[in-house]
There are 4 protein chains.
Amino acid sequence: MTQHTPAVSATPDAPTPDKAAPDGLTADRVLAAGARLAAESARFTGFGWMRGTSGNLSEVLTRDPLRLTVTASGLDKGELSPSDVAVVDSGGAPVPVEGVAPLRPSAEAGLHARVAAVAGAGAVVHVHALNAVIAGHRWPGGVHLRDIETLKGIGREAHDDEVIIPVIPNSQDMTELGDRFEEVFDPRTPAFIVASHGLYAWGTDLVHARHVTECVEWLLAYAVATA
Amino acid sequence: MTQHTPAVSATPDAPTPDKAAPDGLTADRVLAAGARLAAESARFTGFGWMRGTSGNLSEVLTRDPLRLTVTASGLDKGELSPSDVAVVDSGGAPVPVEGVAPLRPSAEAGLHARVAAVAGAGAVVHVHALNAVIAGHRWPGGVHLRDIETLKGIGREAHDDEVIIPVIPNSQDMTELGDRFEEVFDPRTPAFIVASHGLYAWGTDLVHARHVTECVEWLLAYAVATA
Amino acid sequence: MTQHTPAVSATPDAPTPDKAAPDGLTADRVLAAGARLAAESARFTGFGWMRGTSGNLSEVLTRDPLRLTVTASGLDKGELSPSDVAVVDSGGAPVPVEGVAPLRPSAEAGLHARVAAVAGAGAVVHVHALNAVIAGHRWPGGVHLRDIETLKGIGREAHDDEVIIPVIPNSQDMTELGDRFEEVFDPRTPAFIVASHGLYAWGTDLVHARHVTECVEWLLAYAVATA
Amino acid sequence: MTQHTPAVSATPDAPTPDKAAPDGLTADRVLAAGARLAAESARFTGFGWMRGTSGNLSEVLTRDPLRLTVTASGLDKGELSPSDVAVVDSGGAPVPVEGVAPLRPSAEAGLHARVAAVAGAGAVVHVHALNAVIAGHRWPGGVHLRDIETLKGIGREAHDDEVIIPVIPNSQDMTELGDRFEEVFDPRTPAFIVASHGLYAWGTDLVHARHVTECVEWLLAYAVATA
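Residue positions are given per chain, counted from 1 along the sequence in the order it is written. For naming, the first written chain is A and the first written ligand is 1, with later ones following in the order written. Reporting in this predicted model follows two pLDDT cut-offs: at least 70 for local features of residues, and 80 or more for side-chain atom pairs to be given and counted; totals over whole chains, interfaces and linings ignore these cut-offs and use all residues. Where side-chain values are given, they derive from all heavy atoms of the structure, hydrogens and water being excluded.

Draft legend 1. Structural detail: the overall build of chain A. Helix and strand assignments come from DSSP, with helices taken as H or I runs of at least 4 residues and strands as E runs of at least 2, each series counted from the N terminus. Looking only at helices and strands, one finds five helices and nine strands in chain A. When the elements of chain A are put in sequence order from the N terminus, they spell out α-β-β-β-α-β-α-β-β-β-α-β-β-α. Only protein chains enter the accessibility calculation, which uses a 1.4 Å probe. A residue is then buried if its area is under 20% of the maximum for its type, exposed if over 50%, and partly exposed in between. Counting only residues that meet the buried cut, chain A has 59% of its 227 residues in that class. Here a residue-residue contact requires only that any non-hydrogen atoms of the pair lie within 4.5 Å. A separation threshold of at least 6 residues defines the contact pool for chain A, and within that pool the share at least 24 residues apart is 64%. Residue-level accessible areas treat just the shown protein chains as cover; the underlying method is Shrake-Rupley with a 1.4 Å probe. Accessible surface for chain A amounts to roughly 8,700 Å². Of this, 52% is attributable to carbon and sulfur atoms.

Draft legend 2. Here's a closer look at the pattern of salt bridges. One side-chain nitrogen of Lys or Arg within 4 Å of one carboxyl oxygen of Asp or Glu is enough to make a salt bridge. Applying the stated rule across the entire model yields 64 salt bridges over all chains. Between R36(C) and E59(C) there is a salt bridge; the shortest N-O distance is 2.8 Å. A residue pair is termed long-range when its members are at least 10 positions apart, and R36(C) in helix α1 (residues 27–46) and E59(C) in strand β1 (residues 56–63) qualify at 23 residues. Overall, R36(C) belongs to the partly exposed group, its relative accessible area being 42%. Among the ionic pairs, D161(D) bridges to R156(D), the shortest N-O distance being 2.8 Å. Grouping residues by exposure puts D161(D) and R156(D) together as buried. A single network of salt bridges, built from pairs that share partners, joins E40(A), R43(A), R210(A), E214(A), D76(B) and E79(B).

Draft legend 3. How the structure looks around the relation of the copies chain B and chain A. C-alpha atoms of residues with pLDDT of at least 70 in both copies form the basis for the least-squares superposition of the copies. Least-squares fitting of chain B to chain A yields an RMSD of 0.0 Å, with the transformation described by 0.0 Å of translation along the axis and a rotation of 90°. Read as a symmetry element, the transformation amounts to a four-fold axis.

Draft legend 4. View of the interface of chain B and chain A. With 17 residues of chain B at the contact, the number on the chain A side is 20 residues. Throughout, the accessible surface (probe 1.4 Å) given up by two parts as they are put together, summed over both, is called the buried area. Of all residues in chain B, R51(B), L130(B) and Q172(B) bury the most surface against chain A, accounting for 34% of the area lost on that side. Its salt-bridge partner being E217(A), residue R51(B) comes within 3.2 Å of it at the nearest N-O pair. Counting of polar contacts relies on pairs of N or O atoms within 3.5 Å, with two restrictions inside protein: one atom must be capable of donating a hydrogen and the other of accepting it, and residues adjacent in sequence are counted only when both atoms are side-chain atoms. Taken together, chain B and chain A are joined by 14 residue pairs in polar contact (both at pLDDT 80 or more). Here the element with the most residues in the side of chain B that touches chain A is helix α3 (residues 130–138) of chain B; it accounts for four residues.

Draft legend 5. Broad picture of the packing of aromatic side chains. Note on ring pairs: Phe, Tyr and Trp rings are taken, using the six-membered ring of Trp, and paired if centres are within 6.5 Å. Classes follow the plane angle, with under 30 degrees stacked, over 60 edge-to-face and the rest tilted. Inspection of every chain in the model, using the stated rule, returns 38 aromatic pairs over all chains. Ring centres of F181(A) and W202(A) lie 5.7 Å apart, and the angle between their planes is 75°; this geometry places the pair in the edge-to-face category. Placement of the pair is F181(A) in helix α4 (residues 174–184) and W202(A) in strand β9 (residues 198–203), with a sequence separation of 21 residues. The same class applies to F181(A) and to W202(A), which are both buried. Consider the rings of F185(C) and W202(C), whose centres lie 6.5 Å apart with planes at 45°: the pair is tilted. Within this pair, whereas F185(C) is found in the loop between α4 (174–184) and β8 (191–194), its partner W202(C) is found in strand β9 (residues 198–203), the two being separated by 17 residues in sequence. Judged on exposure class, the residue F185(C) and its partner W202(C) are both buried. A connected cluster of aromatic rings, assembled from ring pairs, spans F181(A), F185(A), F192(A), Y200(A) and W202(A). The ring of F47(D) has R51(A) sitting right over it, with the charged end atom 4.6 Å from the ring centre. Two conditions define a charge located above a ring, namely a distance within 6 Å from the ring centre to NZ of Lys or CZ of Arg, and an angle within 35 degrees of the ring normal.

Draft legend 6. Looking closely at the interface of chain B and chain C. Each partner contributes residues to the interface: chain B has 20 residues there, and chain C has 17 residues. Where chain B abuts chain C, roughly 1,600 Å² becomes buried across the two surfaces, and 55% of that area is made up of carbon and sulfur atoms. For the chain B face of the interface with chain C, the top three residues by lost area are E149(B), W218(B) and Y222(B), together amounting to 37%. On the surface where chain B and chain C come into contact, there are four salt bridges. Our count for the chain B to chain C interface comes out at 14 residue pairs in polar contact (both at pLDDT 80 or more). By residue number, the principal contributor to the side of chain B that touches chain C is helix α5 (residues 206–226) of chain B, which donates 10 residues. All residues other than Ala, Val, Leu, Ile, Met, Phe, Trp, Tyr, Cys, Pro, Asp, Glu, Lys and Arg, Gly among them, are scored as polar; the first ten of these are nonpolar and the last four charged. When grouped by side-chain class, the residues that make up the side of chain B that touches chain C number nine nonpolar, four polar and seven charged.

Draft legend 7. Structural view of the sheet that holds strand β2 (residues 66–71) of chain A. All names here are of chain A. The sheet built from seven strands is open, its strands ordered β3-β2-β1-β4-β9-β8-β7 with mixed pairing. On the outer flanks of this sheet lie β3 (85–88) and β7 (167–168), each paired with one strand and no other. Pairing of strand β8 (residues 191–194) with β9, which is carried by four bridges, proceeds in the antiparallel orientation. Each bridged residue has a counterpart across the sheet, and for A191 the counterpart in β9 is A201. Note on geometry: axes are C-alpha line fits, over the in-contact stretch for helices, and angles between N-to-C directions span 0 to 180 degrees. Against the sheet, helix α1 (residues 27–46) touches β1 (56–63), β2, β3 and β4 (123–127), its axis set at about 155° to β1. Of the strands in this sheet, β1, β2, β3, β4, β8 and β9 are in contact with helix α2 (residues 109–119), which crosses β2 at around 135°. Note: two strands are recorded as paired if DSSP finds a minimum of 2 bridges between them.

Draft legend 8. Layout of the environment of D89(D). Residues and elements named next belong to chain D. Note on placement: D89 falls in the loop between β3 (85–88) and α2 (109–119). Each C-alpha atom, one on D89 and one on R114, is 9.9 Å from the other, the two residues being 25 residues apart in sequence. If near-sequence neighbours (up to four positions away) are discounted, D89 is found in contact with L66, R67, L68, V95 and A113.

Draft legend 9. Inspection of the sheet that holds β3(D) at higher detail. Residues and elements named next belong to chain D. With respect to topology, seven strands assemble into an open sheet ordered β3-β2-β1-β4-β9-β8-β7, the strand pairing being mixed. Every interior strand has two partners, whereas the edge strands, β3 and β7 (167–168), have only one. Where strand β1 (residues 56–63) meets strand β4 (residues 123–127), four bridges bridge the pair, whose relative direction is antiparallel. Looking at β4, one finds that L57 is bridged to V125. On top of the sheet, α2 reaches β1, β2 (66–71), β3, β4, β8 (191–194) and β9 (198–203); it is set at about 135° to β2, its chief contact.

Draft legend 10. Broad picture of α3(B). All buried positions along α3(B) are accounted for by A132(B), V133(B), I134(B), A135(B) and G136(B). Against α5 (206–226) of chain A together with β5 (143–145), β7 (167–168), β8 (191–194), β9 (198–203) and α5 of chain B lie the buried residues of α3(B).

Draft legend 11. Layout of α2(A). Judged by how many residues are buried, α2(A) sits mostly within the fold: 11 of 11 residues are covered. Among all positions of α2(A), only A109(A), G110(A), L111(A), H112(A), A113(A), R114(A), V115(A), A116(A), A117(A), V118(A) and A119(A) are buried.

Draft legend 12. How the structure looks around the pairing of strand β4 (residues 123–127) of chain B. Residue and element names in this part refer to chain B. With respect to burial, β4 is a largely interior element, five of its five residues being buried. Burial along β4 is two-sided: the residues A123, V125 and V127 and V124 and H126 are all buried. Of the strand pairs in this sheet, β4 and β9 are connected by five bridges, and their pairing is antiparallel. Paired with V127 across the bridge in β9 is L199.

Draft legend 13. Structural context of the environment of H211(A). All names here are of chain A. Among the structural elements, H211 can be located in helix α5. Here H211 falls in the buried class, since its relative accessible area comes to 8%. Taking the C-alpha atoms as reference points, H211 and G153, separated by 58 residues in sequence, lie 7.1 Å from one another.

Draft legend 14. Representation of the pairing of β2(D) in the model. All names here are of chain D. With six of its six residues buried, β2 lies for the most part within the structure. The pairing of β1 with β2 spans five bridges and is classified as antiparallel. Across the sheet, the residue bridging to V60 is L68, located in β2. Hairpin connection of β1 to β2: two residues between the antiparallel strands. For β2 and β3, the ladder comprises four bridges, and the chain directions are antiparallel. In the sheet register, V70 faces β3, and the bridge partner there is A86.

Draft legend 15. Molecular detail of the side chain of R63(C). All names here are of chain C. Along the chain, R63 falls in strand β1. One buried charged residue, R63, forms no salt bridge at all, with the nearest opposite charge on D64 at 9.1 Å. From its side chain, R63 meets the backbone oxygen of A116 in a polar contact 2.9 Å long. Side-chain polar atoms of R63 contact the backbone oxygen of G120, separated by 3.5 Å. Here Asp and Glu are counted as negative and Lys and Arg as positive; His is not counted, and neither are the chain ends.

Structural data, given as structure tokens:
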């Protein structure tokens, strides 16, 4: 994988990605991220998008080298505590941080890291939103959207802008999924669907990723309802 | 735009529109409106009608000259604080108020002001309710409703009253949208759909506007389900 | 209207209907009923069944003469306080009670009283549940249900029991609606649909009426989904 | 019924089934289970899966002899207190426990016990989830699922694993229902649908049973939506 220029441009009020790693890998920063990830996971759980123990969320901790705080595997996403996280590297492998009890990262952490590297995302959301999986089933070649106001919520235009939410086949191999994502990646589109699986969406920070996720889900629900 | 006689008649328990502007433009009044707009926005967010940072709500602050308190742009509508507002004039341009930190008004503030002027609304709601956009997609010429009890909730009759919820094409130009609204405006109908976008609804005050919005959405959901 | 034997048999844990009227008409009893009606209304509002200011709930206060506590007209059903009620007689007309500020009863109070008299209900629920109105639109001659476990939740059998949820045409005249209800009334079936309007359901007390309402709505949603 | 080897393998963090019965039958343990069952029931009620007084949940208290704590019959599942339970044996008959006021167990307690015995479940969930009953209506011979990520949430594979959620005809006779369940039981599949009735799902403990229930319901919703 070559160097990528972040496709999501930093907005003035978004946190500046920390370049001072590995010193940025403090327990305080990890647990602060964990608190944000827990609150956000509970929100998405309330929407029914993280049934069982499904889905996972991440925040970029340091950009160079790439380190992410990601929700731990196998836990109820409506009941996370700030320490229910793992820190991973660009391949999704766990990275020890002093003062943070090591938990098993989600298997999908590698794909989160890939999205962060390729798309320049500051936070990545992966949820099993039903409408996304229905849309992926209906349009395996990608979901075409155009001339809908809510496209502005994902950074696109409300008029005359042909948007495709890519759909990639599912796999248990995160490198394979990452390669498929990179093949279809359009820096203008901050989301893709894993067919028969769920949705990935991202933003400059976690609140932005929330907004993108909510808007993509709305757009997919609308596409399904008006097909 | 000519002078308009408010089409929504004031009900006895509705707040009397303040005629004593510009003296009515106090920070206290603006922040009190902001608190009401924040609570109402959170309510609509809970319905899934304000995904991302979409939608905006306003209250008329003074009628002559027309000034509105409108939710600020780009914020999560489930997490507003009372000061997350802007004060705008009849064209949607920001108006400074001493003691109120100036925030960027929503681009749609101009359309809110137009609705307030043309329809005499005391409060205007704009939400991205999915059923409204689906109905607008299905019936681009307007949604015909008749002989449904819930029509009483928008000030119409439950029997023998042909109601049309107008649908106008979307635009990013608020003057254009306002002109389209005025072309289809029927003083008896306190709502319209912007196609591929969302719903506008209004009332004498914010609680009334809430009730109208809820009833219109119910009617549109019913129309879609029984089409 | 002739004398009616209550069709809903009192269960051991249901409150015994007060026969000692008019002495039973105390402000304390009315406000206690009002608190229960407010909580129950808020619950149904949370389901989206009382949009705008729609719907109303009642409890029988005294049986002989028949007096009901009914939610007041024109208020948001998610925000009622215990005093947001009126006391009405068997025709739905307001009855003054010392210590209770007189509010306007819902126009539909007369139908509540009729249901209490005819069906022997201790509490009556009227909500604008969307599935009920959709079912009434689809089956104007009545909704046939059979061989569904949830029928037990409305006092019927899970097997070999042909249940019809009656559907009557809408009217603004409560006597007319009451006559239509009586025509189709089957003492075994504690609910009916007013076409293009909403659902009436009842029970021995308010909690029972809640359970019947929830089960009828579920059954109608199921009927619509599997039609 | 012959001896069964539990089909659900104990996970490291699941509570070890208590073999020291009948000494394990203490009021403390029963009420602790009751508190967990009450919280879980309230959660499912919030999803609309326990309308009226429908559904019931259970936890295995002791394995040999088999004793379960099961939610009591006829109560609102959103308002249970820890003591709103009964203790039953392998046939669903009440078992007295000192310090626990005897409540009537759900009639379905016998089926819970059968599932615990046959499948080795530590906790059993029975809910009237609408999507499950719709799926049972559509596919009376069983719901076929394959190649969906969420299958991992019920212990199956995301790829190349043909999963059938069995559907059995409804009955009021728990022995008959239990026999039907055993006929279709596949130890790899922790759920079945009772046609025209509801869903049974289970896990090693109550939290695991919650996750399985949520994933099965999601899968059935997806199957219905994409059929």
